[in-house]
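Listed below, chain by chain, are the residues.
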Amino acid sequence: MFPSVASTLSLSLLKACSVVLLILVARGLVLLINMLVVAPMSDPLKKIQGPDGSLLQNHFREVMDPSISPNTHEKWVKSFGKTFRFHGFGRHDFRLLSVDFCVMSHILNSPIYEKPWQTRSLLTNLFGRGIFAMEGAEHKALRKLIAPAFSTQSIKTMTPIFFQKAEELRDKWEVFASSPTATLVEDAKIPPLPAPPYFPSPSFAEAVIDIAHWFSLATFDVIGLAGFDYHFHALQCESEEVYLAYRNMFRIADKGPKLRDLVQLYFPIIEKIFPNEATRITNESQRVISEAGQQLIQSKKLAILAEKASASEIKEKDILSLLIKSNLSADISGRLSDADLLSQLSTFLFAGSDSTSLAMSWCIHLLSLHPDIQDRLRSELNSLSPCASNSSSTSGYSAPAHAEAIDGLPFLDAVVRETLRLCPPVHGTMRVATRDDNIPVSSPIVLRNGTIIQPGETIRLRKGSYVHIPIEALNFSTDIWGEDARKFNPDRWSSLPHPARVPSHPGLANLMTFSFGPHACPGWKFSMLQTKIFLATLIPHFVFEPAADIQKFNAILTRPYVCDQFEFGARLPVKIGRVNL
Ligand code: HEM
């Protein structure tokens, strides 16, 4: 009797399971059909022109790969106008792309648009839940909190740090430039480059250095000191633990997301159950960063509490101090936990160092390709004051005053802006609509059915639609910058064409490099001044020539690679020689 009850029970259970499974499969099918067929039919973006593709074709590469994106964007703008759609994960997935500033301004300033959860999740996996992952009131409060660290006054107080690190780097490079047998990089883990093509030049010793590597060390030290009042000494000790942890983590991230990474975004459990080599390296790097960060937070907390106890005025304006101070004073409910503080620290370490180091690397690269511009810049810097051109240290004169003089040099300013325009370290970003919206356009759009949307009228976007913010494409737009938009021409900044002069956002004319709106880069002034001070310290001492063909690769940031040597990772070798003083 019992076996038959048991078998009846198990039969019922089996039936119940089958029904549940059937319901799940049916529901999945309905969702799939809705996603692939029904929803796209009523998507307003379907009406807009854009490149077509086969069923599962995507246009991610055309949109985001800097080796083809400039030509593709230009071709699409010619064919479809300034605002069009492309395909994400297949023909059903319509996404908006626009080089119309009116459209971009609306999207970047409206609270309707947020970073997609996929972007936030990817960044959270690397840095924890820092500012990059925040939206709404929480994000606004944090921006307010850190604002004093990025004020003009605060940045002025950081200039001695910029000079100190620029001079340390100059002294390191002196050794290479005066030794014809200098090695490319001291880090033995990076395989040496094959012999570079020879560029005959009587002024040159045969030293070739990887400037991307060196700027990366120097800017890491700068953000440590300026952002957290902590000295990593990465420039002096390239095997500095936290720095290496970062580099290792980015050697993985720089390869770009693989299919497995995309699947893991939707099913994070896979990473936990089947960790691969990349996961293990990332976890180990995060462990090192976390340990160092926790120590830093604790000692900073103690220092601030001690200052509080002695009733002396707390003067520190570095990012970490500001976060901790506000934490100690805010009501308990609004306080950041130590884990939150750690995520912010990790985020700023990345945001503040890598992007600026890339800006400097691209700048030297462009100057090496344009010796005439390099010479003009050197002349301007030499005319400034002896401090800029000789090897004396910054001690003995006021760094902020000297920084102000450097900041005011017109050609240096033009060279830095032009580099940031032509080689934006952030190639593009993404937003998603959290509600239905109507977006105003300033340039006409011809819909697929021939209807024309006139300037001042709007296009409709549905909740959940993705928008690509094409930073590089806007920087390369011939409508904004003129016919020679893809040329390195710093002189354009002394007579900008009208569309580039009327800023659609505050900041650097219509340069998109730092984005704009509530998520715009808070570090742009910090980065510009730091770059200028480094150039003012290095250019009067060294001459640079190209050492290899370089290409851009974009994964989170746009980094330089030696053509056909992708496997060696990001690097930018240049020939370096001493200027005969
Ligand atoms: C050349 C150097 C830099 C470039 C090109 C750059 C570019 C950008 C861009 C494009 C964004 C907006 C991303 C988005 O909306 O999706 C951004 C955000 C941000 N940047 Fe920068 N950045 C640079 C330097 C810095 C520096 C030096 C710092 C800090 C010291 C910094 C801190 C941040 C932070 C915290 C955010 C997030 C802002 C938010 O979400 O509210 N950046 N940056």
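Residues numbered from 1 in each chain as written. Predicted model: local features only at pLDDT ≥ 70, side-chain atom pairs only at ≥ 80, totals over all residues. Heavy atoms only, no water.

### A closer look at the overall build of the protein chain
- Along the protein chain, the regular secondary structure elements total 22 helices and 14 strands.
- The buried share of the protein chain, taken over its 581 residues, is 52%.
- A fraction of 75% describes how many contacts in the protein chain between residues 6 or more apart in sequence connect residues 24 or more apart. (Helix = DSSP H or I, 4+ residues; strand = E, 2+ residues; numbered from the N terminus. Buried < 20%, exposed > 50% of the residue type's maximum accessible area, 1.4 Å probe, protein only. Contact = heavy atoms within 4.5 Å.)

### Quick notes on the UniProt feature "binding site: heme" (unreviewed entry) in the protein chain
- UniProt marks Cys521 with the feature "binding site: heme" (unreviewed entry), using the numbering shown here.
- When you line up the elements, Cys521 lands in the loop between helix H21 (498–501) and helix H22 (524–538).
- Judged by its relative accessible area of 31%, Cys521 is partly exposed.
- Beyond its immediate chain neighbours, meaning those up to four positions away, Cys521 contacts Arg143 and Phe514. (UniProt positions renumbered as here; feature names shortened; annotations may be inferred.)

### A closer look at the packing of aromatic side chains
- Tallied over the entire structure, the rule returns 26 aromatic pairs.
- Between Phe150 and Phe348, the ring centres sit 6.3 Å apart and the planes meet at 25 degrees, which makes this aromatic pair stacked. Linking Phe150 in the loop between helix H6 (136–146) and helix H7 (152–177) with Phe348 in helix H14 (residues 338–369), this pair joins segments that are 198 residues apart in sequence. This pair shows no difference in class: Phe150 is buried, exactly as Phe348 is. (Phe/Tyr/Trp six-rings, centres within 6.5 Å; stacked < 30°, edge-to-face > 60°.)

### What to know about the side chain of His541
- One can find His541 in the loop between H22 and strand S11 (542–546).
- With relative accessibility at 3%, the residue His541 sits in the buried group.
- Among the polar contacts listed, one links the side chain of His541 to the side chain of Glu174, at a separation of 3.4 Å. (Polar contact = N/O pair within 3.5 Å; in protein donor to acceptor, adjacent residues only side chain to side chain.)

### Some thoughts on the pattern of salt bridges
- Per the stated rule, a full pass over the model turns up 33 salt bridges.
- Residues Arg486 and Glu74 are paired through a salt bridge, measuring 2.8 Å at the closest nitrogen-oxygen approach. Of this pair, Arg486 sits in the loop between helix H20 (478–481) and H21 while Glu74 is found in helix H3 (residues 69–80), placing the two residues 412 residues apart along the sequence.
- With relative accessibility at 36%, the residue Arg486 sits in the partly exposed group.
- Through salt bridges with shared partners, a single network forms among Asp407, Asp413, Arg417 and Lys532. (Salt bridge = Lys/Arg side-chain N within 4 Å of Asp/Glu carboxyl O.)

### Points about the site of the ligand
- As a matter of local geometry, the ligand sits amid 30 residues, with His139, Arg143, Thr429, Arg431 and Cys521 nearest to it.
- Within the side chain of His519, a nitrogen or oxygen atom sits 2.8 Å from an oxygen atom of the ligand.
- Listing elements by their share of the shell around the ligand, those giving two or more residues are H6, H14, strand S5 (429–433) and H22.
- Among the elements that make up the shell around the ligand, the one with the highest residue count is H14 (6 residues).
- Residue classes in the shell around the ligand are distributed as 17 nonpolar, 10 polar and 3 charged. (Near = heavy atom within 4 Å. Nonpolar A, V, L, I, M, F, W, Y, C, P; charged D, E, K, R; others polar.)

### As for helix H5 (residues 117–127)
- Here H5 has its buried residues at Gln118, Leu123, Leu126 and Phe127. Looking straight down H5, one finds its buried side chains confined to an arc of 150 degrees; they lie on one side.
- The inward-facing, buried residues of H5 contact helix H9 (241–253), helix H10 (259–266), helix H12 (277–309), H14 and strand S10 (466–469).
- Where H5 terminates, the next one or two residues include Gly128, which has phi positive at roughly 85 degrees. (Arc of directions from axis to C-beta.)

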